[in-house]
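Architecture at a glance
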Amino acid sequence: MLILGLNMFHADASAAIVQDGEVVFAVAEERLNRQKHFGGFPSLAVKACLDAVGARITDIDHVAVGQDSDANLARKVQYALANPDKILNFIHLRARKQAMRDLRTLLANALDVDAKLLRFQEHRLEHHIAHIASAYYCSPWIKAAGFSYDGSGDFVSTMLARCEGNDIDILERVFLPHSLGSFYSMICEFIGYKNYGDEGKVMGLAPYGKDTYCDPIKSIVGLKNGSFQLDLKYFKPLGSNQGMQIQSDGTVRLARHFSEQMEKLFGQPREPHGEITQRDMDLAYAMQHCFEKVFFHLLNQLHKKIPVENLAMAGGCALNSVANGKLFDSTPFRHTWIQPAAGDEGLAIGAALHTYHSVLKQPRRYQMKNSYLGPHFSDSRIASDLKKADLAYQRLDREPLLDTVAAQIAAGKVVGWFQGSMEWGPRALGNRSIVAHPGLANMKDVLNARVKHREWFRPFAPSILAEHQYEYFEHNHPSPFMLHVYKIRAQKRQELCAVNHVDDTGRLQTVSRDENALYYDLIKAFQRRTGIPVVLNTSFNENEPIVCAPQEAIDCFQRTRMDTLAIGPFVVSKSEN
Ligand SMILES: [Fe+2]
């Protein structure tokens with residue numbers, strides 16, 4: 001049985017294919033069309049899914065979409081009636097969504113087939129159920145508490161659920177305009193980070209701040225009746241150009257969130273590229289602090305309703321790895337399974353697996369063991385692309401390849417590491433990564449000057465061999481998808497100085513051999529040379545979507561001042577080219 005899952009006409013459009021209950025391939029459209037956070041129809045991703053299983057669109061049995069514009073309709077109407085000046089916006093938005101509903105025509109056009117030949121059944125699933133499904137059905141558990149939170153989806157920002165066997169039962173929804181994601185985006189925008197997806201950057205700024213504004217920010221997002229509420233006077237009203245907008249070319253834009261009340265309280269908003277002042281850092285601090293407070297409150301409420309140790313979580317806010325790292329100390333949950341594509345690209349997997357288990361009642365066998373679900377390329381394709389680029393290269397067997405690259409990293413070189421299938425989700429986890437020495441004091445500056453050009457306050461991440469995690473970090477709970485930030489132990493901070501953030505933390509990736517044998521063995525080879533079971537890992541890109549195909553990696557290598565490219569079995573050195 002083939003199920004195609006889709007996230008479409010929404011940020012981070014994507015497709016995933018589930019074959020007999022197993023996710024065999026998944027990719028976000030941005031990696032293929034190279035348009036960051038693309039929010040149109042994922043035509044290339046659908047084609048890639050079909051190619052991965054050798055199927056045609058006429059072979060697909062079910063198509064599941066992680067969005068349902070009919071969900072929570074009564075709430076939408078109620079809001080529109082209470083805000084009559086916004087009714088036209090709602091009617092316009094709904095008309096646009098209806099126009100995008102004809103899935104058969106969309107798929108037939110994208111794949112150039114006659115729509116009459118398509119035999120699939122169509123399924124629409126509410127946004128946050130799809131988020132929770134993307135975590136729970138990928139986890140090893142048959143019972144868990146389910147939690148999803150983000151800016152908004154189908155008029156909801158937060159969902160609490162009981163997950164048991166094949167079923168996800170909704171316990172509670174938080175409806176718009178109350179949204180922790182909107183709160184976070186609004187403050188980010190106020191301090192000059194206005195693009196969709198900038199929230200992850202500002203998370204790194206928070207530890208530079210002090211507790212100056214926690215009290216006033218607390219009045220913007222407050223706890224109420226076991227849930228939370230925003231003080232709406234600080235926000236532009238919904239429907240008045242507020243929130244995420246998808247342009248006709250698939251570009252995602254965020255319209256202004258904050259109202260004049262913010263300026264009254266905190267002064268002038270910072271312009272992008274303006275100087276970052278202590279005020280901005282203190283606002284980032286207060287934002288993260290208040291976000292965590294509400295997050296832990298919601299999780300504690302959820303645990304009262306579902307007193308289990310397992311938490312299955314997704315939604316864009318679940319990418320807040322700082323909050324995730326603290327939840328073991330602030331809630332009774334002991335195990336997390338967070339979907340690596342916690343943002344909206346993950347809806348494709350959630351919708352497809354929900355169809356398989358909840359709608360079609362098929363038994364649960366699948367577990368997502370790693371995130372390497374994307375495209376891969378043959379050695380001959382890579383060699384051909386290297387020749388086209390006129391690059392001199394060496395072909396090495398596995399052991400010499402690992403030794404050569406480990407020696408380069410140990411010598412302080414910056415290495416592009418392109419291997420196997422691309423990661424699913426926003427993190428590079430050792431297949432489309434740039435790797436470097438974690439213990440050289442200048443490595444952060446070197447990487448920023450020569451390749452990444454990131455903001456000075458953003459830390460780089462460590463990949464650590466699983467068996468050494470507790471020696472280096474104060475928590476032992478694994479973080480295979482780089483979704484937890486933990487304190488680095490005091491005696492190890494110097495050894496990891498290039499990945500030790502200003503608050504002595506690191507957003508680690510726990511690497512075990514059964515998840516990625518080649519990457520594990522590379523870190524092991526580096527450990528043999530240096531004694532350090534850790535490498536610095538940052539995504540293989542330069543202000544663009546992470547590289548997917550060999551040609552993109554080669555372009556990035558040639559354009560930047562990376563020293564070495566290890567791509568499949570081939571090693572290319574800048575000094576020889
Ligand atoms: Fe979402």
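One can find the structure itself at the top, above this paragraph.
Quick caveat, the model's predicted, so the values are computed rather than measured.

Turning our eyes to something else, we now look at the sheet that holds strand β21 (residues 534–539). With mixed pairing, the 9 strands of this open sheet are ordered in space as β15-β23-β22-β16-β17-β21-β18-β20-β19. The two strands at the open ends of the sheet, each matched to only one other strand, are β15 (394–395) and β19 (484–487). The pairing of strand β17 (residues 432–436) with β21 spans 4 bridges and is classified as antiparallel. Bridge assignment links Ile434 to a residue of β21, and that residue is Thr538.

When a metal carries six donors in an octahedron, the ideal angles between them are 90 or 180 degrees, while four donors in a tetrahedron ideally lie at 109.5 degrees. Looking at the iron ion, the protein donor atoms are His127 (NE2), His131 (NE2), Asp150 (OD) and Asp344 (OD), and they sit 2.0 to 2.2 Å from it. Classification of the site at the iron ion rests on its 4 donor atoms, whose angles at the metal span 88 to 162°, yielding the label irregular. Sequence spacing of the donors to the iron ion: H-x3-H-x18-D-x193-D. Placement of the pair is His127 in helix α6 (residues 127–136) and Asp150 in strand β6 (residues 143–153), with a sequence separation of 23 residues. You'll find His127 and Asp150 in the same group, each marked buried.

Moving on, we come to the packing of aromatic side chains. We describe a pair of aromatic rings using the distance from one ring centre to the other and the angle between the two ring planes. Per the stated rule, a full pass over the model turns up 17 aromatic pairs. Centre to centre, the rings of Phe147 and Phe295 are 6.0 Å apart; their planes meet at 45°, and the pair counts as tilted. In this pair, Phe147 sits in strand β6 while Phe295 sits in helix α11 (residues 278–305), placing the two residues 148 residues apart along the sequence. When its relative accessible area of 0% is taken as the criterion, Phe147 is described as buried. Exposure remark for Phe295: the relative accessible area of 0% places this residue in the buried category. These aromatic residues form a ring-pair network of at least three members: Phe147, Tyr149, Tyr184, Phe291, Phe295 and Phe296. A cation sits over an aromatic face here: Arg104 above Phe120, 4.3 Å from the ring centre. When the ring centre of Phe418 is taken as origin, the NZ or CZ atom of Arg432, which lies over that ring, is 3.8 Å away.

Cut-offs and rules
- Residues numbered from 1 in each chain as written.
- Predicted model: local features only at pLDDT ≥ 70, side-chain atom pairs only at ≥ 80, totals over all residues.
- Heavy atoms only, no water.
- Pairing = 2+ DSSP bridges.
- Helix = DSSP H or I, 4+ residues; strand = E, 2+ residues; numbered from the N terminus.
- Donors = N, O, S within 2.8 Å, 3.2 Å for Na, K, Ca; no water.
- Tetrahedral: all angles 85-135°; square planar, octahedral: opposite > 155°, others 65-115°.
- Buried < 20%, exposed > 50% of the residue type's maximum accessible area, 1.4 Å probe, protein only.
- Phe/Tyr/Trp six-rings, centres within 6.5 Å; stacked < 30°, edge-to-face > 60°.
- Lys NZ or Arg CZ within 6 Å of the ring centre and 35° of its normal.

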